[in-house]
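Okay, here's what each chain looks like letter by letter:
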Amino acid sequence: MKTKFLPTLLATCIFASSQAIAASQEEEDLFDLSLEELISMEIPDVTSVSRKKQRLMDSAAAIYVITNDDLRRTGVTSIPEALRMVPGMQVAKLNANTWSISTRGFNYIFANKLLVLIDGRTVYSPLFSGVNWDVQDTMMEDIDRIEVIRGPGAALWGANAVNGVINIITKKAADTQGNLLSAGGGTEEKAFGAFRHGGEFGETGFYRVYVKAFERDGQVNAEGKDTADDWKMRRAGFKSEWKVTSDSEMTVQGDLYEGTTRPLLRLYDKTQPLNQQMANRFIVEGLSRDQRGGNLGAYWKRTLSDTHDYSFRAIYDNYQNFDYRIAEKRDTVDFEFQHYYQLGGKHDLVWGLGYRATWYEVKNTSYMYLLEGKDSKQTELFSAFIQDDITLNDQWTFTLSSRFEHNSFTGYEVQPNARLTWKPTENRTFWAAISKAVKTPSISETALQTDGITIAQEDSGTFLLPIRGNPELESEKLAALEIGYREQFGHSFRIDVTAFYNQYEDIIAYVDINRCPNGSSTSPFYSIQNTCSATDPGVGFFEIPTTLINGLDVKTYGLEIIADWQIKDWWKLQLTYSWLQVDAWPNREKTGFLSSNETIVEDLSAPHTANIRSTMNLPNQWSLDFWVRYMDNLKDAHIGANTSLDIRVAKKFGDNVEFSIVGQNLFRDHHREFYETLSGMAPTETQESWYAQIRWQF
């Protein structure tokens, strides 16, 4: 009864309050808002589409911007939760600190077709070409905007920018002067706090330093009982910028972090009795996963004119993960040069060069180890890119770009792109794009053996799938077609529509092989597949060794819609909707394992997702915001369609203090968002939660 009553009550309250406020506005003119307090339809310029500043209306790409105000008004406390706002972005929690984040298909915790950057620093892991989302963080108040390109961005940003680019851009130090203190706590967000101080140095220099810490409660199991997947993290960082000469500037920034998570694991321990492990569903609790790391980056830019500049970036990044399954250390250096200039008034040219080197160490365990007896690996990436925006006339622009790379896995790769923009009026844009992109293999796919981690349960038995990396893997390839339309109608309504068709080749899939992890022979305990002789068919437990091949071709197509409606100066609504269709098929002789991969690719992404966000400024510096999210069912994960409600009520005291109360996931007591078998992590369920927060600027 509570599950059904709560959303009904909240919806009724929201509707009633909105009607009452509207009446008060018309009859008593209660609103007395300054320009700064009015909710605006304006959105910032973007830089991610063309590596130069441009209006979002002029961008020939499906781009969405999460502003700093969006972050504050939704009450999100992490970057992954913020990405739920993006149309077509599918965000699901496996446990309290692990997310599956993807766009346009291929939803998985190892999603490897999104390139993520924080102030120009690439944060994907070469272990699996994905992102460790639990360590990607900063002060939410310091994020200026998050620019999300839905669709290929590889021509400018490189391999792995296949289905999108997430570019997290923090504020300039000059814009974060003074002090800011933020603190709060609640049922799941047990305790969190952050402090930032900004100041000046010299005649032209600005800086800020910050510290941040939080402790988040674990989630629950299907019966509603607490699980031990709680999460603690501490972080500190700085950013400084100054004028080197009258036409050049320097930025130096860095972060340090450390934290502990306790993911619920699902592992097969060959030293323990099998029957006992099966009775416990192979669940292992209470094992800590400690992570720490840091980064240091320097960025220099010289601006000769509005149409001519060049820049250089150097970054060092360290990551250390101490996990029961594997211990890893990674050091990365990344250098990039970029030059922009306008040629003849018709050509906007951007080109650049890059080099990245990664030194990777693995402490082998019985669950994961590098093949050929190695415990370390080095990879290199050389790159160059060029783009020409050609102005044909006042209405038409044609863009050609390409990136050229040489990597340690597959050698040379070329990723071209062509875009056409038609602007019949200042506030109406049509665009189309044809792109090619690649996802290069990762260390885990080419050089790692897993054993005791991937456990699949079916009606015919329980199967352990040791997965052996394949050094002969080729890159996954994408050819994409996109068309888009966006228009702003006056100051009150804006619409943005994108349709896409993607054709993928050589998608990596796992297949069975006649080789056990320890090199022993196989025996036909199970009539369909060869199994390792160490298995026990008497209890329905079978071990099937597998490897990876470029075994699938896939096509995806869909539609994404964004509608912003400025109902009043004090009230704004946003609706986003996406429809996605995924079809996969083997590109070679079909086997039972390839059929399983086909099902995973097709059924781990939701066909329909939608968001409704309402933002209201109320009298006497009160505000009321709500956010309704819908995600369709994930068939392969056995997750039904679900709807969630977040609500935030806030009160400002003067210009410097704000107090807020936030409720999250309010439609149900708890619900599962995701399930998978490859990582060894067991799923837990997201709970309804509340927290209070205070922000003080001084």
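Structure's up top.
Owing to the predicted nature of the structure, the values given are computational and were not obtained by experimental measurement. Within every chain, residues take consecutive numbers counted from 1 along the sequence as written. Note on the predicted model: pLDDT of at least 70 is required for a residue's local features to be given, and 80 or more for side-chain atom pairs to be given and counted; whole-chain, interface and lining totals, by contrast, use all residues. Just so you know, side-chain values use all the structure's heavy atoms and leave hydrogens and water out.

### Observations regarding the packing of aromatic side chains
Item 1. Only the six-membered ring of Trp is used, alongside the rings of Phe and Tyr, when aromatic pairs are assigned; centres must lie within 6.5 Å, and planes under 30 degrees apart are stacked while those over 60 apart are edge-to-face, with the rest tilted. Summed over the entire model, instances satisfying the criterion amount to 28 aromatic pairs.
Item 2. Arranged with centres 5.0 Å apart and planes meeting at 85 degrees, the rings of F214 and W231 form a pair that is edge-to-face. One end of the pair, F214, is in strand β10 (residues 205-216); the other, W231, is in strand β11 (residues 231-245), and 17 residues separate them in sequence. As far as burial versus exposure is concerned, F214 and W231 are alike and both buried.
Item 3. On the basis of an interplanar angle of 90 degrees and a centroid distance of 5.7 Å, the ring pair of Y510 and F593 is categorised as edge-to-face. A residue pair is termed long-range when its members are at least 10 positions apart, and Y510 in strand β29 (residues 493-512) and F593 in helix α7 (residues 592-603) qualify at 83 residues. Residue Y510 shares its accessibility class with F593, and that shared class is buried.
Item 4. Joined through ring pairs, the aromatic side chains of Y108, F110, F128 and F674 make up one cluster.
Item 5. Over the face of the ring belonging to F385 we find R51, whose NZ or CZ atom lies 4.4 Å from the ring centre.
Item 6. In this scheme, the term charge over a ring applies when either NZ of a lysine or CZ of an arginine sits within 6 Å of the ring centre and within 35 degrees of the ring normal. For R629, the ring lying beneath its charged end belongs to W627, and the centroid distance is 4.7 Å. The way it works is that DSSP assigns letters per residue, a run of H or I at least four long becomes a helix, a run of E at least two long becomes a strand, and they are numbered from the N terminus. For every residue, the accessible area (1.4 Å probe, protein chains only) is compared with the maximum for its type, and the residue is labelled buried under 20%, exposed over 50%, or partly exposed between those bounds.

### Concerning empty space enclosed by the protein
Item 1. Points on a 1 Å grid over protein atoms alone make up a cavity when a 1.4 Å probe fits among them but cannot get out, and a pocket when they form an open set with protein on both sides within 12 Å along at least five of seven lines; lining residues each have an atom within 4 Å of a point. Grid points are joined across faces, edges and corners, and a volume is the space filled by probe spheres set on the points. A full pass over the atoms with the stated rule returns 14 cavities of 30 Å³ or more.
Item 2. Here the largest cavity is characterised by a volume of approximately 1100 Å³.
Item 3. Forming the walls of the largest cavity are 48 residues, and the residues nearest its centre are Y108, F110, N112, F128 and L678.
Item 4. Those elements giving two or more residues to the lining of the largest cavity turn out to be β3 (98-103), α6 (443-446), β24 (448-450), β29, β33 (546-568) and α7.
Item 5. When residues of the lining of the largest cavity are assigned to their parent elements, the largest contribution, four residues, is made by β29.
Item 6. Split by residue class, the lining of the largest cavity holds 26 nonpolar, 14 polar and eight charged.
Item 7. For the second largest cavity, the calculated volume is near 700 Å³.
Item 8. Taken together, 50 residues line the second largest cavity, and the ones lying closest to its centre are T122, Y124, T332, D334 and R356.
Item 9. Of all elements in the fold, only β4 (114-118), β5 (121-122), β15 (289-305), β16 (308-322), β17 (327-343), β18 (347-363), β20 (376-391) and β21 (396-407) reach the threshold of two or more residues within the lining of the second largest cavity. Each residue is assigned to one class: nonpolar for Ala, Val, Leu, Ile, Met, Phe, Trp, Tyr, Cys and Pro, charged for Asp, Glu, Lys and Arg, and polar for all the others, Gly among them.

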